[in-house]
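Summary of structural features
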Number of protein chains: 2
Amino acid sequence: MDLIQKLADIVGSQHVLLDDDVSSRARGIWDHEAIEAKAIVRPKNTAEVSAVLKLCNEIGQKIVAHGGLTGLVEGAITSEDDLILSLERMTEIESIDPVNRTMTVQAGVLLQSVQEAAEQVGLFYPLDLGARGSCTMGGNIATNAGGNRVIRYGMTRDMVLGTEAVLADGSVVSSMNEMIKNNAGFDLKQLFIGTEGSLGVVTRAVLRLREQPRSQETVFAAVNEFRQLPKLLKLMDARLGGTLAAFEVLWNDFYRLVTTPPALQEPPLSQDYPYYVLIEALGGDPDGDKERLENALHDAHESGLVAESVVAQGESHRRRIWAMRDDVEQTTRFQPNYIFDVSLPIPNMENYVSTVRTGLETTFEEFTMFTFGHMGDGNLHFAISAGNDHSTHPAVEKCVYEPLRDIGGSVSAEHGVGLEKKPYLDISRNGIELDLMRTLKRTLDPNGILNPGKIFDGVAA
Amino acid sequence: MDLIQKLADIVGSQHVLLDDDVSSRARGIWDHEAIEAKAIVRPKNTAEVSAVLKLCNEIGQKIVAHGGLTGLVEGAITSEDDLILSLERMTEIESIDPVNRTMTVQAGVLLQSVQEAAEQVGLFYPLDLGARGSCTMGGNIATNAGGNRVIRYGMTRDMVLGTEAVLADGSVVSSMNEMIKNNAGFDLKQLFIGTEGSLGVVTRAVLRLREQPRSQETVFAAVNEFRQLPKLLKLMDARLGGTLAAFEVLWNDFYRLVTTPPALQEPPLSQDYPYYVLIEALGGDPDGDKERLENALHDAHESGLVAESVVAQGESHRRRIWAMRDDVEQTTRFQPNYIFDVSLPIPNMENYVSTVRTGLETTFEEFTMFTFGHMGDGNLHFAISAGNDHSTHPAVEKCVYEPLRDIGGSVSAEHGVGLEKKPYLDISRNGIELDLMRTLKRTLDPNGILNPGKIFDGVAA
């Protein structure tokens, strides 16, 4: 009996997609090439995932789990020899406990569905990404997704209390912890969070819900010197108590781009400052929180940290400010367009950005570079264009990644490694770390069937 | 050349303690029996730890790392065949970066030293435990210590950005990440946080510092029914924004004990309520925060969640309220005295406490039981006394731990497993989880030399 028949016996033949049903699907939300794979198998629960993996493990069949395919680092790319395990049928929100403030979900549930289900019981799931309508819990967990509210609520790792995961051999590791505190032995879910599907396939999770914010205050401010940015961050963080949720910095190049036609937003402040900051607080006391923010902002002006600022007046004003920050789409007017996601210690940031710029100047006669990021987390994004086609990608990558080596920076703040950043992982991780990652991989997936070749090479299938 | 001589060659002979220098030391802060061990070896840096472990691994010498010995679960107990690796000389605070808000330390640094060093640069290390003057960073990390501010700042896992750890074979895994966001490959530090020294010895760490709170508001409230407690938690959490730091519940039995002579504190509220709550907020705006708390408390009274309450007026008043909550010492008047640390979903808590009480009533003619805990985290503590000597311990443990099995509770919320809870770990962890823990142990420590026999059996040395 061949593999396809055996898979059909597990999930039902209508859930083993072949040929055109595979190639008619795109590789990702932002990658319109056709998927190549032996088949797409669509289990409906953990038991079926377990049976599929057990079968694949026995015959050495490589298998790649698919969530919403919104990743940016080629973390779910397959070839014609791979089998795709799609969690698209595992979309059940199994339960919500409003007293314990937890939600139990299958891994295929969309982020937006979780956000909405929490809202319906008066609670809040704080993770938020542009891809909310497409990305899934399984993908969020596998990549330890971050987003715009990390300063206040942390990354996905901080929002997941328990996981159920299937190992390569089909073993089901069910660690569906529902408590904030649990030190009874090793915290096994850490093996599956942020490991990009290479140690196991997450099938279910217990999520921690929070109270809904009752106030949202947004400020947009212009800053004259880089060294004032961490001072402003510190002031806001101290004064706003635990409510500071975002501290997004826009360099002048990015700000001009997103506030000049054909971009749709008008510039809320003069376009002549070197830095702009979007500050947002999510609090519990609408009147008091507004006053507190205004007092803090007043002091920031008094002490010269802020040159000019505007406080969002109402929801539509707030949306216009965020729309500007989120209009990364404008950078695609410059092709080829390379987006980067790095992190580094804040004291190194100003020099680092100059070093990248100098590197590009040395390498290319012409280029564009737009800089922005979640500076409160040490996370910077660049959108860089150089040359006429993708042949310039490696040289641009070198300009961005190499300067991180000596300052302890990371080639991936929040997007993961996948295939795209694999060649540069050694900039952020030393040989012993990479050996230990490979050791874990070999231990949990000795036949190398799970998402093979992603993150690192060297574990034979 | 024998082991002792080889160790002396690595660390210097004055740092290999033998005989009386070993047995004159107590096994722990709360355990005055003499230490038994072949020797105590005291390296001064990671390189020396590495050399010691490499040597021990080659000859199969069992080795147990010692921090401040403040643990409560027999996690650092040794026998005469073991070698003790004491980190007591590794007390350097290597650097503080006030802009990046990080501190780099050796593992032997005391928690209190970290707190004080952070304060000196206007920052804050939020972990706080009664043992702050004795416990060390290495011990905090190995046990994922929690404490009184978990609701706002998380556990140790959330405060450690990077670690340097030595594996059993002497390999140094240096992952001294300084960023809040870093998804460049597996997050290896998770292997060493909360694993009680069984997968490696942490020698250095990068800690995340926070802004100092600028306000501290404390309320003590009486509550009539259990079901009002989670409602009060929810109200306070929502209204106080991100500033809620503690939500400690005292059952009537515990409250009476700590507010009746010979206990030193006067009862701030009548002794007739079934539950009392200590609520604390750490904020950024002294005036506004006080008003906000008072408004929230007013609404809690209006909606009938709180029967009576008192707001701490000034620092000495606040200290008296905390002194009452922290006066666990009173329970030692009842001997034998068994302290428990469990966690469970909040909706199960009321029934669970009755079940424990019923179990004790069925088992013992007389007993005392005092209940209190960090209810905001699902974490309860009991102090139970029954019988005349420690022979009753297993029967009491059974009454406390067994009812956790069916409700997904944890036999260790924050203290870890050590030797003490090992017999009960299967209540909170299934067979596949335990197998996976053993697999990790065998992979990273194939000769079983690191803190052997703690957490679980079954990995041969």
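To start, this report covers the structure provided alongside it. (Residues numbered from 1 in each chain as written. Chains lettered and ligands numbered in written order. Predicted model: local features only at pLDDT ≥ 70, side-chain atom pairs only at ≥ 80, totals over all residues. Heavy atoms only, no water.)

1. Overview of the overall build of chain A
Check the secondary structure of chain A and you find 14 helices and 20 strands. Its C-alpha atoms give chain A a radius of gyration of 23 Å, within 12% of the compact-globule value 23 Å for 461 residues. Along the first, second and third principal axes, the C-alpha set of chain A runs to 75 × 60 × 40 Å. Counting over 461 residues, chain A shows a buried share of 60%. Taking contacts inside chain A between residues at least 6 apart in sequence as the whole, the part at least 24 apart equals 70%. For chain A, the distance from the average position of its 42 positive side-chain charges to the average position of its 65 negative side-chain charges is 4 Å. (Helix = DSSP H or I, 4+ residues; strand = E, 2+ residues; numbered from the N terminus. Rg over C-alpha atoms; globule rule 2.2 N^0.38 Å. Buried < 20%, exposed > 50% of the residue type's maximum accessible area, 1.4 Å probe, protein only. Contact = heavy atoms within 4.5 Å. Lys, Arg positive; Asp, Glu negative; His and termini not counted. Charge placed at Lys NZ, Arg CZ, Asp CG, Glu CD.)

2. Thoughts on the relation of the copies chain A and chain B
Expressed as a screw transformation, the operator carrying chain A onto chain B has a rotation angle of 180 degrees and an axial translation of 0.0 Å, and the superposed copies differ by an RMSD of 0.0 Å. Taken together, the turn and the small shift mark the pair as related by a two-fold rotation axis. Among all residues of chain A, the minimum C-alpha distance to the rotation axis is found for G242 of chain A, at 2.1 Å. The overlap is high: 99% of the interface residues of chain A also sit at the interface in chain B, so the same surface is used on both sides. (Least-squares fit on C-alpha atoms with pLDDT ≥ 70 in both.)

3. Let's talk about the side chain of N144 of chain B
Assignment of secondary structure puts N144 of chain B in the loop between α5 (137–143) and α6 (150–153). For N144 of chain B, the side chain forms a polar contact with the side chain of N183 of chain A, separated by 3.1 Å. Those residues in contact with N144 of chain B that sit more than four places away from it in its chain are N183 of chain A together with M155, T156, R157, I193, G194 and E414 of chain B. (Polar contact = N/O pair within 3.5 Å; in protein donor to acceptor, adjacent residues only side chain to side chain.)

4. Observations concerning helix α4 (residues 111–120) of chain B
All names here are of chain B. Restricting attention to buried positions, one finds in α4 the residues L111, V114, Q115, A117 and A118. What you see down the axis of α4 is that its buried residues fit within an arc of 170 degrees, all on one side. Relative to its buried face, α4 has exposed residues pointing more than 90 degrees away, namely E119 and Q120. Packed against the buried residues of α4 are β7 (93–97), β8 (102–106), β9 (123–124), α5 and β12 (201–208). After α4 finishes, the residue G122 shows a positive phi value of roughly 75 degrees. (Arc of directions from axis to C-beta.)

5. Focus on the nonpolar core
Buried together is how nonpolar side chains tend to be arranged in soluble globular proteins. Judged by nonpolar contacts, the single largest core of 192 residues is most densely connected at M236 and F382 of chain A together with M236 and F382 of chain B. Each residue touching F382 of chain B, except ones within four places of it in the same chain, is listed here: Y338, I339, F340, V342, Y352, V353, V356, M369, F370, T371 and V400 of chain B. (Core = buried A, V, L, I, M, F, W, Y, C linked by side-chain atoms within 4.5 Å.)

6. Let's talk about the packing of aromatic side chains
All names here are of chain A. Taken as a whole and judged by the stated rule, the model has 28 aromatic pairs over all chains. Measuring from ring centre to ring centre gives 5.3 Å for F334 and F370, while their planes differ by 50 degrees; the resulting arrangement is tilted. Remark: F370 occurs in strand β19 (residues 367–373) and F334 occurs in the loop between α10 (315–325) and β18 (338–343); sequence separation between them is 36 residues. Take F334: its relative accessible area is 25%, and that puts it in the partly exposed class. What links up through ring pairs into an aromatic cluster is the set F220, Y255, Y273 and Y276. (Phe/Tyr/Trp six-rings, centres within 6.5 Å; stacked < 30°, edge-to-face > 60°.)

7. As for the interface of chain A and chain B
Contact residues are listed per partner, giving 89 residues for chain A and 88 residues for chain B. Of the roughly 6800 Å² buried between chain A and chain B, counting both surfaces, carbon and sulfur atoms make up 58%. Of all residues in chain A, the largest losses of buried area upon contact with chain B belong to K181, N183 and F186 of chain A, amounting jointly to 15% of the total for that side. Connecting chain A to chain B are 12 salt bridges. Across the pair R292 of chain B and D289 of chain A runs a salt bridge, and its minimum N-O distance is 3.5 Å. Applying the counting rule to chain A against chain B returns 39 residue pairs in polar contact (both at pLDDT 80 or more). Where the side of chain A that touches chain B is concerned, the elements lending two or more residues are α6 (150–153), β11 (172–175), α7 (228–239), α9 (286–302), α13 (425–428) and α14 (431–444) of chain A. Counting residues per element, the side of chain A that touches chain B draws most heavily on α14 of chain A, which supplies 8 residues. Residue composition of the side of chain A that touches chain B, grouped by class: 33 nonpolar, 34 polar and 22 charged. (Buried area = accessible area lost by both parts, 1.4 Å probe. Salt bridge = Lys/Arg side-chain N within 4 Å of Asp/Glu carboxyl O. Nonpolar A, V, L, I, M, F, W, Y, C, P; charged D, E, K, R; others polar.)

8. Quick word on the sheet that holds strand β6 (residues 83–86) of chain B
Across the sheet, 4 strands lie side by side as β1-β4-β6-β5 (chain B); this open sheet has mixed pairing. Single-partner strands in this sheet number two, and they are β1 (16–17) and β5 (63–66) of chain B. (Pairing = 2+ DSSP bridges.)

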